[in-house]
Amino acid sequence: MGSDCLFCRIVAGEIPATVVRETETTLAFRDIDPKAPVHVLVIPKEHYADIATLAQGDPALAADVLATSAAVAEDEGLLGDGFRLMFNTGAYGGQEVFHVHAHLLGGAPLGPMLARDLG
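Residues numbered from 1 in each chain as written. Predicted model: local features only at pLDDT ≥ 70, side-chain atom pairs only at ≥ 80, totals over all residues. Heavy atoms only, no water.

Caption draft 1: Summary view of the overall build of the protein chain. Across its full length, the protein chain carries four helices and five strands. Listing every helix and strand of the protein chain by position from the N terminus yields α-β-β-β-α-α-β-α-β. Taking 119 residues into account, the globule formula puts the C-alpha radius of gyration at 14 Å, and the protein chain, at 14 Å, falls close to it. By its C-alpha atoms, the protein chain is 35 × 35 × 25 Å across when sized along the principal axes. For the protein chain, the share of sequence-separated contacts (at least 6 apart) that also reach a separation of at least 24 residues comes to 50%. Accessible area for the protein chain stands at about 7,000 Å²; split by element, carbon and sulfur atoms hold 54% of it. Considering the protein chain, the positive charge centre built from 7 side chains and the negative charge centre built from 16 side chains are found 6 Å apart. (Helix = DSSP H or I, 4+ residues; strand = E, 2+ residues; numbered from the N terminus. Rg over C-alpha atoms; globule rule 2.2 N^0.38 Å. Contact = heavy atoms within 4.5 Å. Areas by Shrake-Rupley, 256 points an atom, 1.4 Å probe, with all protein chains shown as cover. Lys, Arg positive; Asp, Glu negative; His and termini not counted. Charge placed at Lys NZ, Arg CZ, Asp CG, Glu CD.)

Take a look at the structure:
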């Protein structure tokens, strides 16, 4: 990916991040604008625009993202009370950075899935 991808630049070490776990294929770091007491982003080091593209293009790497997410949840003490793992995909899904990333959220009750009734 080109130098315009924020998360590719974090993977390359060009932009600092508070890394909580790194594997050969994934990187997990704290969100700079947390929405919960624990808010960690888990990304594949290889660039894929969204979770659908990743799942279709490299299912094993998608599994690595999930395995890293579970390990971080355990490290952060979230397994007992639970957590939310969320992928935003596309404009309607609220995706802002087009490098697939899982939001791992926990540490407090998170409330409803959606902020408003779309009814």
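Don't stop here, the text continues.
Caption draft 2: Highlighting the pattern of salt bridges. One pass over the full model with this rule turns up five salt bridges. A salt bridge links Lys45 to Glu22; its shortest N-O distance comes to 2.7 Å. Residue Lys45 is found in the loop between β3 (38–44) and α2 (51–57), and its partner Glu22 is found in strand β1 (residues 19–22); the two are separated by 23 residues along the sequence. With a closest N to O distance of 2.8 Å, Arg30 and Glu76 form a salt bridge. Of this pair, Arg30 sits in strand β2 (residues 26–30) while Glu76 is found in the loop between α3 (59–75) and β4 (83–87), placing the two residues 46 residues apart along the sequence. (Salt bridge = Lys/Arg side-chain N within 4 Å of Asp/Glu carboxyl O.)

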